[in-house]
Amino acid sequence: MSKPLAVKASYPPGDFAIWIIIYVELLTFALLFAGYAFSRRSDIEMFNASQLLLDQTSGFINTLLLITSSYFVVKAVQSIKNMTAESTKESSLAASRWLLSALVLAGGFLVVKLLDFVHVFGQGITLSTNKFFMFYIILTVFHFMHVLLGSFILFVIYQKTKAQGYTQNDHKGMETGASYWHMVDLLWIVLFPLIYIIR
Amino acid sequence: MKYSSQMAAKPYFIFALILLAGEILFGLLMAIQYLYGDFLFPLIPFNVLRMVHTNLLIVLLLFGFMGATYYLIPEETETELWSPKLAIVTFWVFAAAGVATILGYLFVPYAELTELTFNNLLPTMGREFLEQPLPTKLGIVLVVVSYILNVIMTVLKGRKTVITTVLITGLVGLAVFFLFAFYVPDNLILDKFLWWFTVHLWVEATWELILGAILAFVLIKVTGVDREHIDKWLYLIIAMTMLSGILGTGHHFFYMGAPEYWLWIGSIASAVEPLPFFLMILFAYTMTRERKIQHGNKIALTWAKGTAVMAFLGAGVWGFIHTLAPVNMFTHGTQLTAAHGHLSFYGAYIMIIFTMVSYAMPILRGRPQGNSQKAQNLELASFWMMNIGMMGLTLALSAAGIVQIMDQRVGTELIGFMESQESIAGIYMIRAGFGLLVFVGLITYFASFFVKEEAGQTVGYNA
């Protein structure tokens, strides 16, 4: 194996602007999570009873889908980072395959979540049903929109990767998108146990 | 000046500044009425003064935005304005309609004005900030549509930049959200709910795009920093502004009959709203630090930095003070709201117009490197007078608001409105004093335009 060309990995990865966005997003979700926790304390029974109406299995499947998809994105970035002068084509192809797989799983998340929404809204539940469902809807719909945006970003990166647009020394755009995708994943990892599991 | 059609901006700037003088003057009259209730009675009652004060603000900002746009669009697109003639015609139409409306407010009782202006055909009058008679509202639509047409046609034939894209998005949003001014539902809650679509989504979403675009333009011109660098900041700021601003509309839906979830959505989204303003400060100061040229017009850069700082204070900090639902339950509709209103409109919008005028006017008057040092020094004095005046006025109003809240909303021993107002009289006196300082500052600003140019040198003040 020939030696990689890159000398030093930059930190934080990706464009600095994405980190501002990520911190603002984390802050916003943190406020919502804290709001949920405080509201729950004042009416634990209602929160627990409402939680039983959610489908934990679909939530669990979605967790697996997102974590795996994030892993695939890591593999894609790695493929580009390990690229050598001779392997531009193969590395790009491998990376684009990883990204495509990540996209398929993201699509899977969206489908499962939509079915979940159909199930919940089908029971006549709205934002005004009770405070638990208010938080459930605000948090999951908000997160759903992030998955949609993240998928779009992944798609753009996928296109560019396929066209061999990233090199070992120039893949900031890819790392930017990957960082965003990991944030979407991270948010779900907090959201899922908080809303679906913890009693 | 690179393009002769940029000249169209000049009358807009001048008229905007004249209206600003009127706005402050009427504000001062009201400040006196707070102290002496029967001042000017029965000639001009408080409600009429207030209406004139706020309507002048809205109209002057529209004039300012239009002037700024007509100045920057030819330079951004690298082509002459599609129709400079249309820009001038709409100026006169808008100016005439604006003056007629203000005179109508002042000399015709409002109820009679509604009858005279066909309000019975389509009732739209009587709502705060949207008091304009139907013909004026239709006039605004016509003027704004022709203005947007002019801008879009110019952009289509010329270079497209991030600044033009952001600006047009803001302008189209401005036009679309004004349409809610024409719909007045019978249900009072729905009425208020939709009224905010115009009022809030103007000032906390679409206008901020216009502000961002103008600020970016001036920064590129006076710092010489690469466009790509500025574009990224602009995108970041406006994306954050739009998301937090649109959901932040929820902070107007507290305790008014709208569903409870707005308490949460409104509080959390508005907690994020100050962040893009903070980024704007970083933006302005970073660009200044990384500047590649020393532009002779130093005062324009001072205004640009000032805009970022005062917008953050007025819109960001003073907004956040009372935006969380549990706090807002106590503070709603007090002088604290007025404090926020004054500093945010001044910091974000009046100051960006000063920024643009201070940058563009010297060029329009044949001084590409800005006014003479003497003129810039005088302008700097006006900058500080107006900023200190507005800051003092805001602090006084905040103090008044806090007293009002303690008097009337906290605890069980509450007193009536008039009694509470009397206890604030001293603070109102201070407020009036700072208001006067703002007015003197504005007069000084005007005076800086008339400082005689000394032979052939323009260097800017020593900052």
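In this numbering scheme, every chain counts its residues from 1 along its sequence in written order. Labels follow written order: the first chain is A, the first ligand is 1, and so on. Thresholds applied to this predicted model are a pLDDT of at least 70 for local features of residues and 80 or more for the giving and counting of side-chain atom pairs; totals over whole chains, interfaces and linings are not thresholded and use all residues.

## Considering the overall build of chain B
Rules: Secondary structure follows DSSP: runs of H or I at least 4 residues long count as helices, runs of E at least 2 residues long count as strands, and numbering of each begins at the N terminus. Radius of gyration here is computed from C-alpha atoms only, and the compact-globule reference equals 2.2 Å multiplied by the residue count raised to the power 0.38. Residues are called buried when their C-beta atom has 20 or more other C-beta atoms within 10 Å, exposed when it has 12 or fewer, and partly exposed otherwise; all C-beta atoms are positioned from the backbone. Two residues qualify as a contact pair if the distance between their C-beta atoms, derived from the backbone, is within 7 Å.
Each helix and strand in chain B was counted, giving 16 helices and zero strands. Whereas a compact globule of 463 residues would reach a radius of gyration of roughly 23 Å, chain B reaches 22 Å, a difference of no more than 12%. Projected onto its principal axes, the C-alpha positions of chain B cover 65 × 50 × 45 Å. Every one of the 463 residues in chain B was classed for burial, and the buried ones make up 50%. Across chain B, every contact between residues at least 6 apart in sequence was considered, and the portion connecting residues at least 24 apart equals 81%.

## Things to note about the overall build of chain A
Each helix and strand counted, chain A has six helices and zero strands in total. The contacts in chain A between residues at least 6 apart in sequence include a share of 85% that link residues at least 24 apart.

## Observations concerning the nonpolar core
Under the convention used in this document: By definition, a nonpolar core groups buried Ala, Val, Leu, Ile, Met, Phe, Trp, Tyr and Cys residues that are joined through C-beta atoms within 7 Å.
Residues A:L99, B:A16, B:I214, B:V218, B:L219 and B:M356 are the most contacted members of the largest nonpolar core, which totals 183 residues. A total of 20 residues in this core trace back to one element, the largest contributor, which is helix α7 (residues 188-223) of chain B. Apart from residues no more than four positions distant in its own chain, B:L219 is found in contact with B:V225, B:I230, B:A284, B:M287 and B:A304.

## Quick word on the confidence of the model for chain A
Stated precisely, the cut-off is as follows: The quantity known as pLDDT measures the predictor's confidence residue by residue, on a range of 0 to 100.
Mean pLDDT over chain A: 93, with 95% of residues reaching 70 or higher. Predicted confidence for residues 1-7 of chain A stays below pLDDT 50, and this span has 12 contacts to residues more than four positions away or in other chains.

## Quick word on the environment of A:Y11
Of note, A:Y11 is situated in the segment before α1 (16-42). Expressed as a C-alpha distance, the spacing of A:Y11 and A:M174, which sit 163 residues apart in the sequence, is 14 Å.

## Let's talk about the domain arrangement of chain B
Residue and element names in this part refer to chain B. Which entries qualify depends on this criterion: For every domain, the bounds stem from an assignment made automatically or drawn from a database.
By domain assignment, chain B separates into domain 1 (1-140) and domain 2 (161-448). Inter-centroid distance (C-alpha atoms) of domain 1 to domain 2 is 19 Å. Contributions of two or more residues to the side of domain 1 that touches domain 2 are made by α1 (9-35), α2 (46-77) and α5 (134-157). Counting residues per element, the side of domain 1 that touches domain 2 draws most heavily on α1, at 14 residues.

## Things to note about the environment of B:L86
Residue and element names in this part refer to chain B. Of note, L86 is situated in helix α3 (residues 84-107). L86 sits in the partly exposed class, given 16 other C-beta atoms within 10 Å. Considering only alpha carbons, one finds L86 and A8, 78 residues apart in sequence, at a separation of 9.5 Å. Contacts of L86, omitting those with residues within four sequence positions, involve S146 and N150.

## What about the interface of chain B and chain A?
Each side of the interface is counted separately: chain B has 12 residues, and chain A has 11 residues. Put simply, the parts of the chain that give the side of chain B that touches chain A at least two residues each are α8 (227-248) and α9 (261-272) of chain B. The leading source of residues in the side of chain B that touches chain A is α9(B), at six residues.

## Points about unusual backbone geometry
Residues and elements named next belong to chain B. Here F41 and P42 are connected by a cis peptide whose omega angle stands at 0°. Inspection of the secondary structure assignment puts P42 in the loop between α1 and α2. For E78, which is not a glycine, the phi torsion comes out positive at approximately 55°. Considering the arrangement of structural elements, one finds E78 in the loop between α2 and α3. A residue is classified by how many C-beta atoms lie within 10 Å of it, and E78, with 11 of them, is exposed. At F118, a residue that is not glycine, the phi angle is positive and equals roughly 65°. A tally of 12 C-beta atoms within 10 Å means that F118 is categorised as exposed.

## Some points on the packing of helix α4 (residues 88-122) of chain A against helix α5 (residues 131-162) of chain A
Residues and elements named next belong to chain A. The condition that has to hold: Comment: axis = line fitted to C-alpha atoms, over the contacting stretch for helices; angle = value between 0 and 180 degrees taken between N-to-C directions. By definition in this entry, angles of less than 35 degrees are roughly parallel, angles greater than 145 are roughly antiparallel, angles of 65 to 115 are roughly perpendicular, and the rest are oblique. Take the far helix as the reference: if the near one is turned anticlockwise from it by less than a right angle, the crossing is left-handed, and if turned clockwise, right-handed.
Two numbers describe how α4 lies on α5: the axes approach to 9 Å, and their chain directions differ by 160°. In terms of orientation, α4 and α5 fall into the roughly antiparallel class. Between α4 and α5 lies a crossing whose hand is left-handed. Facing α4, whose interface residues are S92, A95, S96, L99, L100, A102, L103, A106, F109, L110 and K113, α5 presents F144, V147, L148, G150, S151, L154, F155, I157, Y158, T161 and K162.

## Describing the packing of helix α10 (residues 274-289) of chain B against helix α11 (residues 298-321) of chain B
All names here are of chain B. Going by this rule: Under the scheme applied, nonpolar residues are Ala, Val, Leu, Ile, Met, Phe, Trp, Tyr, Cys and Pro; charged residues are Asp, Glu, Lys and Arg; polar residues are all the others, including Gly.
Here α10 crosses α11 at 165°, and the two axes come no closer than 8 Å. Relative to α11, the element α10 lies roughly antiparallel. Our pair here, α10 against α11, has a crossing hand that is left-handed. Where α10 abuts α11, its residues P274, F277, F278, M280, I281, F283, A284, Y285 and T288 lie against L301, A304, K305, A308, V309, A311, F312, A315, G316, V317, G319 and F320. For the contact of α10 with α11, the class distribution of residues is 17 nonpolar, three polar and one charged.

## Considering the environment of B:G173
Residue and element names in this part refer to chain B. Mapped onto the fold, G173 is located in helix α6 (residues 162-178). For G173, a count of 19 C-beta atoms within 10 Å puts it in the partly exposed group. Spatially, the C-alpha atom of G173 lies 30 Å from that of M391, the residues being 218 residues apart in sequence. With residues up to four places along the chain from it excluded, the contact list for G173 reads A205, T206 and L209.

## What about α5(A)?
Which entries qualify depends on this criterion: What a helix is expected to span follows from its residue count: subtract one and scale by 1.5 Å.
Here α5(A) spans 46 Å end to end across 32 residues, near enough to the 46 Å set by a 1.5 Å rise per residue. Looking one or two places after α5(A), you find A:Q164, whose phi comes out positive at around 55°.

## Points about the confidence of the model for chain B
The pLDDT averaged across chain B works out to 95; a share of 98% of its residues lies at or above 70. The ipTM assigned to the predicted complex is 0.85, against a pTM of 0.92.

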